[in-house]
Every structure is written in structure tokens, then in C-alpha cells.
Amino acid sequence: MSVHASPDHTAAQPRLSKPSRIAIVTGGSRGIGRQAVRRLAADGYALVVGYSGSPDQASAAVNGAITGGSRAIAVQADIANEHAVEALFDAAEAEFGGIDVVVHAAGRTELAPIAELDLSVLDDLHRTNIRGTFVVAQQAARRVRRGGSILTFSTSVVGLAFPAYGAYAASKGAVEALTLILARELRGRDVTVNAVAPGPTAAAAGQHPSLMGGPVTIEDIDHWQTGGCPVVSTRAFGTVAAGTSFPYLVGSVGDGLVDTAEGSVQLL
Ligand SMILES: NC(=O)c1ccc[n+]([C@@H]2O[C@H](COP(=O)([O-])OP(=O)(O)OC[C@H]3O[C@@H](n4cnc5c(N)ncnc54)[C@H](OP(=O)(O)O)[C@@H]3O)[C@@H](O)[C@H]2O)c1
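This is a predicted model, so every value here is computed, not measured.

(A) Representation of the overall build of the chain in the model. What the chain contains, in helices and strands, is seven helices and 12 strands. Residues counted as buried form 49% of the 268 residues belonging to the chain. Summarising the internal contacts of the chain: among those between residues at least 6 apart in sequence, 71% fall at separations of at least 24. Accessible surface, the chain as shown: approximately 11,600 Å² in total, 54% of it carbon and sulfur.

Now the structure itself:
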């Protein structure tokens, strides 16, 4: 398994002075993580874009952030590989001087009825979604500075319990449990810890998520999966470790509100 500790500098960095706030986004190469990179860059964060198998997409995310005036690097790391993740966090500290926010968006989905799912697929999925979240959470817990935030991703399907989502929903149930316990373990550290549970979200470039009022139904998902208008909704889940406000949630804590702006997922 390869471990890439060296950051990829895909474009000239705009400033040499140390930025004040630094964020790591795992899964920053694509999807929701990519949108988180965009939003955090717009807010002036220096970014470390974690990726696995999409170097070109990661470079595009970095270049987008740099074009907007932020500093950013891409670092390849399989999130389930503790050595690679340690190197990812090392790279953030070496390049920018610290870590304030970790958005852990990297994850996988595999769908099949429980009776039919190949157990090797289950093992791979849980390695990424459960072990990977644990590994990232360990590093984040050790290194995020006071006033910082850690965000993990669950799924609305933990509550909706759609057929064929058994392995995936089970992995995200583990993410929720882990996140709540991490929040309690970090009490007093002034670090917020939250999991959010989006509904179906089409956040890839060129797609235009729209806000769907109310809970997602099977018909909505059929519509979405067959190429209809992508929907964004959420059953957000969260807990705040230390009472400080946390502005970077995809959706609100409670039922059903996700804002969108300019065709992208809006982080509230
Ligand atoms: N989209 C939805 O409808 C939805 C709904 C509920 C929850 N979620 C959750 O939200 C998060 C983001 O979902 P998404 O749909 O935006 O994902 P996505 O578009 O499928 O992108 C997945 C991201 O995870 C990275 N990744 C996958 N395996 C990895 C590994 N082993 N190590 C490091 N990075 C890895 C990918 O990197 P590379 O491309 O570089 O390999 C990619 O950046 C996930 O946790 C997902 O379960 C998504």
C-alpha cells in the first residue's frame, strides 16, 4: 500500500505567510468534499485536499481554491491506512502550521440486498467507512487546535432503512456512534464534533442540486437515480462538544433544511 507524504503543489501558492485557519478535507477531490473545499476556500481557509484515486480531480480542487486566493495542497492518502493518514496530517502541519478543521467526507457506497452481498465487498466497504473514519478521527482528536471542528458524514438511510443499503447504512451507523463518543471525549477541548446525515446529494461539477422540502421518499430516490433533477435533503445529526458554534454543516441539526447556492451544496 503506498503512502504519499509529499503534498502535490499543483499551482503557485498566492501567499507565503502562514494562513490563520487550516482545514483538511478528506474526499476533497469529488462530490460533497469538493464542495466543502470550495466553500472553505471562499472563507479564506488554507486547504489540504485529501484524495485516493483521483489525482486530476484533486488537482482541480486545489487549483480552484488557489484561483480564489487561498492556499491549498493535495495529498494522497487511503483513509483506512493509518500511516498514510498520519502523513496527511503531518503534511498539513508542515505546510501551514496547524489544523483547525477536519471535514471527513471520504467514503464509499455499495448497494445489494443483505442476502446477496459478497462478504469481501462488505469487508472493503467497512474498512473504508468504519476503519477509515476511526483512523481520521484519531488523528483529528490528537491534532485539531482549540476552537476547531471535526465533521463526519453519516447518511439519511440510517433512519430511512431502504432495502439494499444494509452494509452502507451499518457502516454509517458506526460513524454516528463513533462521532458522538468522540464529541464526549473531547469535552473541554473547545473542539466541536458533528456528524451530518445528508440525503441523496448530487454535488459533482456540472450538476445542480435543488432543495427538496420534506423527507425523501422512495419515489424521490427513484427519480434521482434515473437521471431526474438531483435532490438535496438531510436528516442532520450532530452534537456539539464544547458549546462553540460550528458554521460548517451540510444541513441543519434537526429535520430537513439544506440550503443551496450557485448550484452547489451550501454549507451552513
Ligand atoms: N452523495 C450522497 O448522496 C450522500 C448521501 C449521504 C451521505 N453521503 C456521504 O457523504 C460523503 C461524501 O459522499 P459523496 O457522494 O460526495 O462521495 P463521492 O462523490 O463518491 O466521492 C467520494 C470521495 O471519497 C474519496 N475516497 C473514497 N475512498 C477513499 C479512501 N479509501 N481513501 C481516501 N479517499 C477515499 C474519493 O477520493 P478519490 O476519488 O480520489 O478516490 C472521493 O473524493 C461520504 O461519506 C458519503 O457516504 C453521501
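Structure shown, so let's carry the discussion forward.
(B) Representation of helix α4 (residues 119-143). For α4, built from 25 residues, the straight-helix expectation of 36 Å at 1.5 Å per residue is met to within 8% by its first-to-last C-alpha distance of 35 Å. Along its length, α4 reaches its greatest deviation from straightness, about 30°, at Arg127. Contact partners of the buried residues in α4: β1 (22-26), α3 (82-96), β4 (101-104), β5 (149-153) and α6 (166-185). The N-cap residue of α4 is Asp118: its side-chain oxygen and the backbone nitrogen of Ser120 are 2.8 Å apart.

(C) Quick look at α6. With 20 residues, α6 extends 29 Å between its outermost C-alpha atoms, agreeing within 8% with the 28 Å of an ideal straight helix rising 1.5 Å per residue. Buried within α6 are the following residues: Ala167, Tyr168, Ala169, Ser171, Lys172, Val175, Glu176, Leu178, Thr179, Leu182 and Ala183.

(D) Up close: the packing of α4 against α6. Running from amino to carboxyl end, α4 crosses α6 at an angle of 15°, the nearest separation of the two axes being 9 Å. Taken together, the axis directions place α4 and α6 in an arrangement best described as roughly parallel. Note that α4 runs across α6; the crossing there is right-handed. Of α6, the residues touching α4 (which contributes Leu122, Leu125, His126, Asn129, Ile130, Thr133, Phe134, Ala137 and Ala141) are Ala167, Tyr168, Ala170, Ser171, Lys172, Ala174, Val175, Leu178 and Leu182. Among the residues forming the contact of α4 with α6, the class breakdown is 13 nonpolar, four polar and one charged.

(E) Fine view of the environment of Ala46. Relative to the elements of secondary structure, Ala46 occurs in strand β2 (residues 46-51). Taking relative accessible area as the criterion, Ala46 reaches 1% and is therefore assigned buried. Distance in space between the C-alpha atoms of Ala46 and Ser70 is 5.7 Å, their sequence separation being 24 residues.

(F) Representation of the pattern of salt bridges within the structure. For the structure on display, the rule yields eight salt bridges. Where Arg131 meets Glu82, a salt bridge forms, and the shortest distance between an N and an O atom there is 2.9 Å. Here the residue Arg131 occupies a position in helix α4, and Glu82 occupies one in helix α3, the gap between them amounting to 49 residues. Looking at Arg131, the relative accessible area reads 38%, which means it is partly exposed. Connected through shared salt-bridge partners, Arg21, Asp100 and Arg145 make up one network.

(G) Fine view of the packing of aromatic side chains. Inspection of every chain in the model, using the stated rule, returns two aromatic pairs. With a centroid separation of 6.4 Å and 55° between ring planes, the pair formed by Tyr165 and Tyr168 is classed as tilted. Each member of the pair Tyr165 and Tyr168 is classed as buried. Grouping aromatic residues by their ring pairs yields a cluster made of Phe162, Tyr165 and Tyr168.

(H) Examining the side chain of Thr152 more closely. If you trace the backbone, Thr152 turns up in strand β5. A polar contact of 2.7 Å, which involves the side chain of Thr152, links it to the side chain of Thr179.

(I) Looking closely at the nonpolar core. Within the largest apolar cluster, 30 residues are counted, with the highest numbers of intra-cluster contacts made by Ile24, Val48, Phe89, Val102 and Ile150. The set of elements that each furnish at least two residues to this core consists of β1, β2, β3 (72-76), α3, α4 and α6. Take this core: its biggest share by element is seven residues, from α3. Setting aside chain neighbours within four positions, we find Val102 in contact with Ile24, Phe89, Val136, Ala140, Val144, Ser149, Ile150 and Leu151. Core analysis: the second largest hydrophobic core is formed by 23 residues, Ile32, Tyr51, Ala58 and Phe153 among them.

Each value, and the rule that gives it
- Residues numbered from 1 in each chain as written.
- Predicted model: local features only at pLDDT ≥ 70, side-chain atom pairs only at ≥ 80, totals over all residues.
- Heavy atoms only, no water.
- Helix = DSSP H or I, 4+ residues; strand = E, 2+ residues; numbered from the N terminus.
- Buried < 20%, exposed > 50% of the residue type's maximum accessible area, 1.4 Å probe, protein only.
- Contact = heavy atoms within 4.5 Å.
- Areas by Shrake-Rupley, 256 points an atom, 1.4 Å probe, with all protein chains shown as cover.
- Expected span 1.5 Å × (residues − 1).
- Bend = angle between axes of the 7 residues up to and from the residue.
- Polar contact = N/O pair within 3.5 Å; in protein donor to acceptor, adjacent residues only side chain to side chain.
- Axes fitted to C-alpha atoms, helices over the stretch in contact; angles between N-to-C directions.
- Parallel < 35°, antiparallel > 145°, perpendicular 65-115°, else oblique.
- Left-handed = near helix turned anticlockwise from the far one by under 90°.
- Nonpolar A, V, L, I, M, F, W, Y, C, P; charged D, E, K, R; others polar.
- Salt bridge = Lys/Arg side-chain N within 4 Å of Asp/Glu carboxyl O.
- Phe/Tyr/Trp six-rings, centres within 6.5 Å; stacked < 30°, edge-to-face > 60°.
- Core = buried A, V, L, I, M, F, W, Y, C linked by side-chain atoms within 4.5 Å.

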